[in-house]
Structures are given as C-alpha cells and as structure tokens.
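# Observations on the model geometry
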Amino acid sequence: MEIKKITCIGAGYVGGPTMSVIAQKNPDIQVTVVDLNAQRIADWNQDDLSQLPVYEPGLDAVVAEARGRNLFFSTEVEKAIQEADMIFISVNTPTKTYGKGKGQAADLKFIELCARQIADVSTSSKIIVEKSTIPVRTAATIKNILDHTGKGVQFQVLSNPEFLAEGTAIRDLHHPDRILIGGENPEAIQALKKIYEAWVPSERIITTNLWSSELSKLVANAFLAQRVSSINSISELCEATGANVDEVANAIGQDSRIGSKFLKASVGFGGSCFQKDLLNLVYIARSYNLHAVADYWDQVIKINDHQKTRFAEKIIQTMYNTVNGKKIAFLGWAFKKDTNDTRESAAIYVADHLLEEQAEISVYDPKVLDVQIYKDLDYLATRTLEENKSLLQVETNPYDAAAGAHGLAILTEWDEFKDLDWAKIKTQMKKPAFIFDGRKLLDGKKLTEMGFVYYAIGE
Ligand code: NAD
Ligand code: UGA
C-alpha cells in the first residue's frame, strides 16, 4: 500500500501541527488538512506566520517549509477525502453535554460524521487512522459505518493516538517518546509505520491490537493527570505541616522508580484533555460495572477541582475574608505556558469563584485575546456577559493589570513573569501587596524581602 496522498480531517491543535510535521518529513507525500471551519483554514493559509490559529513555538518554521510545497489547508472536505490514500481523523471529541453520559462520556458525533462522510464520498480503498482520542472500541463503530454504508470499497481502520503536549508540540512531534499504532491489517500498519520512519527510529514505533492502542491513550493521560493530582494533594499537606512541596517533589523524584517529571504542584491541571479523558475512563469503567476502578480515577478529578477552589479560597481568606470590590490582577489565563489554548484552564474557575465574591479582576496573558477570556467565562453561565465585562478587564500589559490591585495571582507559568519589574509593580499596588503564586514561579524570598506578602502553593 503506497501512500501518496494524506488527508487529515480537523485543523485544530492536533491536526494542524501533526500534519505539518508529517508533511515536513515526507516531502513526497501530499498532505491536505481540511476543516469545516472556514476561518480556521483561512488562518492556516495566511501569510503572517505569527498569526497561525495555533500558537506553538517552532510551528511557524515547519509551516513555512512545507506549506504550498506538499502541505495544504482547505475547506474542500469531500474532494480531499476522495483523493486520499490515507485519512487521519483529528476532530474534537469533547465531553457530552446532553443525554446519556452527559458530563462524562466522550461525544462521538464528530467522529461518526467523519466516518459517514468518508463512506459517502469514497470511490477508492483507504486507510482510516483514528488520531483523535476516543473511547476504547470506537474503531469497531467506525468500521461498521464504513462497511455498511460504503460503496464496496475497502477500508482499513488503524488507531494512532497523539501524545504531543501543547506548548512543546513541535519538539514532541520531532522527538516522540513513542509512536503507537494499533490495528489488525499488517499492510496498513506497515504503510503508516513507513510515514513515521521518515524521522522516528523504528524501535520507537510500537504496534498493538486496536483496543490496546485506543485504551493506552486514555490511560496515558489518566496517569499523567494522576501525578499532578497526587503532588497537588501533597501541596495542601505541605502547607499544613511546614514542608515545602518542591523539596518533597525533588526528594521523591530522584527515585528512578518514581521519576522527576509531572511533579510540579500547581493551581490545578487544565487543558482540553486531562479532565475529558479521565471522565471518559470513569464512564467506560462504570459502563462495565467496574465501580471501584471508576471511583479510583474519579478521585483524580476531585482533587483537581479541590485544588482550584482551595486556591481561590486562600486568596479570599488571606485578604481578610473578603474580596468584595477589591481588584485582583491575574497574570496568565492559558492552561499552561507557551500556548494560546485556554480550554479548562484553572484561571477560568478561580476567576469565576472570585467574581462570585464580587471581586474585580484584571487579566494579562501574552497570548490570549480578550474575546476568548469572556467566552470562557460566558461558557460557565454563572453571570451574563455584560456582568462579566463590568467586573473583569483584560489588559495588554502586566503593569496595567497590577495598577491599583490589592492582590496579584499567577495562574500561568509564562517565563516573562519572572523578569517583570516587581519593584514597579509593588509601588502600583495597594498595600499590603499580596501575591498568590499558583505556579510556584517567582522568587518568593526576594519578593518577601521587597515587602510583598507572598503565598505559593505548597509552602
Ligand atoms: P480542536 O477543537 O482544536 O480541533 C478539531 C477541529 O476539527 C476543529 O477545527 C473542528 O472544526 C474540526 N471538525 C470537527 N468536525 C469536523 C468535520 N466533520 N469535518 C471537518 N472538520 C471537523 O481539537 P484538538 O485539540 O485538535 O483535538 C482533536 C483530538 O485530538 C481530540 O480527540 C483530542 O482529545 C485529541 N488530542 C488533543 C491534544 C491536544 O494537545 N490538544 C493532544 C493529543 C490528542
Ligand atoms: C497532555 C499530555 O501531556 C499529552 O501527552 C497529551 O497528548 C495531551 O494532554 C492530550 O491528550 O491532549 P497538555 O494537556 O497539552 O498535554 O499539557 P500538559 O503538559 O500535560 O499539562 C496539562 C496540565 O497539567 C497543564 O495545566 C499543566 O500546567 C498541568 N501540569 C503539568 C501541572 O500542574 N504540573 C505538572 O507537573 C505538569
């Protein structure tokens, strides 16, 4: 099976960067990324590479190299499906917001729509690759739709979950720890393997059966999220006992059986996937009546919710038990540094909590636009958009955000926050000037010496 043309359905945070790198490393394969969202496609096609719809360090250079050569972004979904030898499905699989499984199960309507569209328009055999994160056994659904509504053409379905993290996507794609391919048909597996072998050593390409591959993606995210919740649960114990969570993380992380990564205490994990995939895992376990398993993983989410609430409560309690009418500056809104993505960011929930206590909030984030911030709050439906706009201002620099503030909270660990002119910020803030460091980013000792009242998670 020789692959000359690849189509990817979904030009989002996964489809865009992943296909850019596949095209970069396989100049002889034509890669077309399609999306229903015409604005998103227009943004991928624009000349100014600093304005691509996804902000990722290094992505602009990859797009510059491949776009127009063998990488194309298009809204012509049907044409791209028809022409492709291999189709990646990279559409969103959000948590269901209605009906059975509401708030837990993954909503597979976009996946099903893709499968139906592929079945409707395909006139030649194709390999279909699940790139989206989906519940275990979804490949059976896709195969079923393709086999029953197709026009007699042959479809092979593979699972090839993506493990990139936002903010480091290009590095992760260039140097993956592993590539996972699940499938039944050896030729189809080999065809996909060959694409990755253009730059990934073969020993890093793992092949499994379909169900192991699908489940491994959910389990990988569950284990990573569990580490963050584990250290965050210890951060609270550190605050109560005088231990320091960074010192504890360092001490335990030196044990090679534990390892040092993903032990950074924080205001809580965010992002589009950890919570969604944990909820999905919990739902799947319950659907097999495995309630002890479901309860175990559910606790990872509970600790994360607790951490966000605890941080907001700490701000209120420290500021004399009321934030009513007080201005609190937020530095950071994205769910982690080096991304413009705000999905499930802890900042949204901390802000919502403080706004309920009638605080006034000013936000500065180097990559997130004001429209997105209001959209995030609006989505929670706690207040009207007008109310949110009257209580929360978005600033274009950190000093304006801090001016006249009673307290300042670090929500995202952007490197630039470390080098701000903290003396200037102090003169601008009301006294006592409180800092709440939800990322343990700043030099607390120095700030305390400067006269700030400094609180950090886990100290
Ligand atoms: P996203 O929302 O950024 O992008 C999905 C895109 O698919 C959207 O632009 C949407 O318009 C498009 N789309 C939906 N249905 C379509 C259809 N029928 N035809 C054409 N386009 C359609 O989502 P994402 O963050 O890229 O995530 C995609 C999948 O990858 C999810 O399953 C997610 O869990 C998984 N994943 C995400 C990450 C990450 O870092 N964001 C990492 C690994 C895996
Ligand atoms: C995560 C996984 O790391 C990826 O492997 C996976 O592909 C992806 O989810 C996905 O399926 O979407 P991502 O959510 O982009 O990637 O970013 P992470 O670096 O995992 O961070 C997730 C959240 O945990 C962030 O809010 C981050 O600030 C927080 N975190 C992470 C901590 O609080 N402490 C840590 O030590 C690490």
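Now for a description of the structure that goes with this document. (Residues numbered from 1 in each chain as written. Chains lettered and ligands numbered in written order. Predicted model: local features only at pLDDT ≥ 70, side-chain atom pairs only at ≥ 80, totals over all residues. Heavy atoms only, no water.)

### Some thoughts on the overall build of the protein chain
Along its length, the protein chain carries 18 helices and 14 strands. Relative to its length of 459 residues, the protein chain is compact, with a C-alpha radius of gyration of 23 Å against a globular reference of 23 Å. Within the protein chain, the fraction of its 459 residues that count as buried is 53%. Considering only contacts in the protein chain between residues 6 or more positions apart, those separated by 24 or more positions represent 75%. (Helix = DSSP H or I, 4+ residues; strand = E, 2+ residues; numbered from the N terminus. Rg over C-alpha atoms; globule rule 2.2 N^0.38 Å. Buried < 20%, exposed > 50% of the residue type's maximum accessible area, 1.4 Å probe, protein only. Contact = heavy atoms within 4.5 Å.)

### As for the packing of aromatic side chains
Summed over all chains, the structure comprises twelve aromatic pairs. With centroids separated by 5.5 Å and ring planes inclined at 40 degrees, the aromatic side chains of phenylalanine 223 and tryptophan 297 adopt a geometry described as tilted. Remark: tryptophan 297 occurs in helix H12 (residues 291-318) and phenylalanine 223 occurs in helix H9 (residues 210-241); sequence separation between them is 74 residues. Relative accessible area serves as the criterion here: at 47%, phenylalanine 223 is assigned to the partly exposed category. Seen from their ring centres, phenylalanine 269 and phenylalanine 274 are 5.5 Å apart, and the 80 degrees between their planes marks the pair as edge-to-face. Through a chain of ring-to-ring contacts, three or more aromatic side chains come together here, namely Tyr320, Phe434, Phe436 and Tyr455. The cationic tip of lysine 308 hangs over the ring face of tyrosine 349; the distance from NZ or CZ to the ring centre is 4.3 Å. Seen from the ring of tyrosine 55, lysine 367 lies directly overhead, with NZ or CZ sitting 4.3 Å from the centre. (Phe/Tyr/Trp six-rings, centres within 6.5 Å; stacked < 30°, edge-to-face > 60°. Lys NZ or Arg CZ within 6 Å of the ring centre and 35° of its normal.)

### With respect to the site of ligand 2
In the region of ligand 2, 20 residues are neighbours, and Phe163, Leu164, Ser266, Cys273 and Arg439 sit closest. Leucine 263 is positioned with one of its backbone polar atoms (N or O) 3.4 Å from an oxygen atom of ligand 2. Across the complex, the protein chains shield 90% of the 700 Å² of accessible surface that ligand 2 would expose by itself. No other element matches the four residues that H9 contributes to the shell around ligand 2. Residues of the shell around ligand 2, tallied by class, amount to eleven nonpolar, three polar and six charged. (Near = heavy atom within 4 Å. Polar contact = N/O pair within 3.5 Å; in protein donor to acceptor, adjacent residues only side chain to side chain. Areas by Shrake-Rupley, 256 points an atom, 1.4 Å probe, with all protein chains shown as cover. Nonpolar A, V, L, I, M, F, W, Y, C, P; charged D, E, K, R; others polar.)

### Side note on the packing of H12 against helix H13 (residues 346-356)
Packed helices, taken two at a time, are described by the angle their axes make and the gap between the axes. Taken N-terminus to C-terminus, the directions of H12 and H13 make an angle of 45 degrees; their axes are 9 Å apart at the nearest point. By the angle between their axes, H12 is oblique relative to H13. With respect to the hand of their crossing, H12 and H13 are arranged in right-handed fashion. On the side of H12, the interface is formed by Lys308, Thr309, Phe311, Ala312, Glu313, Ile315 and Ile316, while H13 contributes Ala346, Tyr349, Val350, His353 and Leu354. Here the residues of the contact of H12 with H13 are counted per class, giving eight nonpolar, two polar and two charged. (Axes fitted to C-alpha atoms, helices over the stretch in contact; angles between N-to-C directions. Parallel < 35°, antiparallel > 145°, perpendicular 65-115°, else oblique. Left-handed = near helix turned anticlockwise from the far one by under 90°.)

### As for the pairing of strand E10 (residues 360-364)
Extensive coverage of E10 is indicated by the burial of four of its five residues. Where strand E9 (residues 327-331) lies against E10, five bridges are found, and the strand directions are parallel. Of the residues in E10, the one forming a bridge with isoleucine 328 is isoleucine 361. Running through H13, the crossover from E9 to the neighbouring parallel element E10 is right-handed. Pairing geometry for E10 and strand E11 (residues 392-394), over three bridges, is parallel. Residue pairing in the sheet places valine 363 in a bridge with valine 394 of E11. (Pairing = 2+ DSSP bridges. Right-handed = clockwise from strand over helix to strand, strands pointing away.)

### Notes on a nonpolar patch on the surface
The grouping of Tyr288, Leu290 and Val293 at the surface amounts to a nonpolar patch, some 280 Å² of accessible area in total. Along the chain, tyrosine 288 falls in the loop between helix H11 (274-287) and H12. (Patch = residues over 30% accessible without salt bridge, like charges linked within 9 Å, V, L, I, M, F, W, Y side chains within 5 Å. Salt bridge = Lys/Arg side-chain N within 4 Å of Asp/Glu carboxyl O.)

### A short note on the site of ligand 1
As a structural note, the neighbourhood of ligand 1 is formed by 25 residues, with Asp35, Arg40, Thr93, Glu166 and Lys276 the closest of them. Between ligand 1 and valine 14, the relevant distance is 2.9 Å, taken from an oxygen atom to a main-chain nitrogen or oxygen of the residue. Within the contact set of ligand 1, an oxygen atom lies 2.6 Å away from a side-chain nitrogen or oxygen of threonine 93. For ligand 1, the protein covers 92% of the area, taking 840 Å² as the surface of the free molecule. Partitioning the shell around ligand 1 into residue classes produces nine nonpolar, nine polar and seven charged.

### Brief notes about the pairing of E9
Most of E9 sits inside the fold, with five of its five residues counted as buried. Residues Lys327, Ala329 and Leu331 of E9 are buried on one face, and the alternating residues Ile328 and Phe330, pointing to the opposite face, are buried as well.

### Side note on the side chain of aspartate 107
For aspartate 107, the position within the fold is in the loop between strand E4 (86-89) and helix H5 (109-121). Taking relative accessible area as the criterion, aspartate 107 reaches 5% and is therefore assigned buried. Among the polar contacts listed, one links the side chain of aspartate 107 to the side chain of tyrosine 98, at a separation of 2.9 Å. Those residues within four positions of aspartate 107 in sequence are excluded, and the remaining contacts are Thr93, Pro94, Thr95, Lys96 and Tyr98.

### With respect to unusual backbone geometry
Following lysine 431, the chain continues into proline 432 via a peptide bond in cis, with omega recorded as -5 degrees. Along the polypeptide, proline 432 turns up in the loop between helix H17 (422-428) and strand E13 (434-437). For aspartate 338, which is not glycine, the phi dihedral falls at a positive 65 degrees. When you line up the elements, aspartate 338 lands in the loop between E9 and H13.

### Focus on the nonpolar core
By size, the foremost hydrophobic cluster in this structure holds 61 residues, and its most contacted members are Phe311, Phe330, Trp333, Leu354, Leu408 and Trp422. Of all the elements, H13 adds the most residues to this core, at seven residues. If you look at the next biggest cluster of nonpolar residues, it comprises 42 residues, including Ala23, Val33, Leu52 and Leu59. (Core = buried A, V, L, I, M, F, W, Y, C linked by side-chain atoms within 4.5 Å.)

### Side note on the sheet that holds E9
In a beta sheet, neighbouring strands are held together by backbone hydrogen bonds and run either parallel or antiparallel to one another. Taking strand neighbours across the sheet as the criterion, the six strands line up as E11-E10-E9-E12-E13-E14 in an open arrangement whose pairing is parallel. A strand with exactly one partner marks an edge of an open sheet, and here the two such strands are E11 and strand E14 (453-456). Each strand axis lies, on average, 20 degrees off the axis of its neighbour in the sheet, ignoring direction. Looking at chain direction, E9 and strand E12 (residues 407-410) are connected through four bridges and run parallel. Looking at the pairing, phenylalanine 330 lines up with alanine 409 of E12. The sheet strands contacting helix H14 (residues 370-380) are E10 and E11, and the helix crosses E11 at an angle near 155 degrees.

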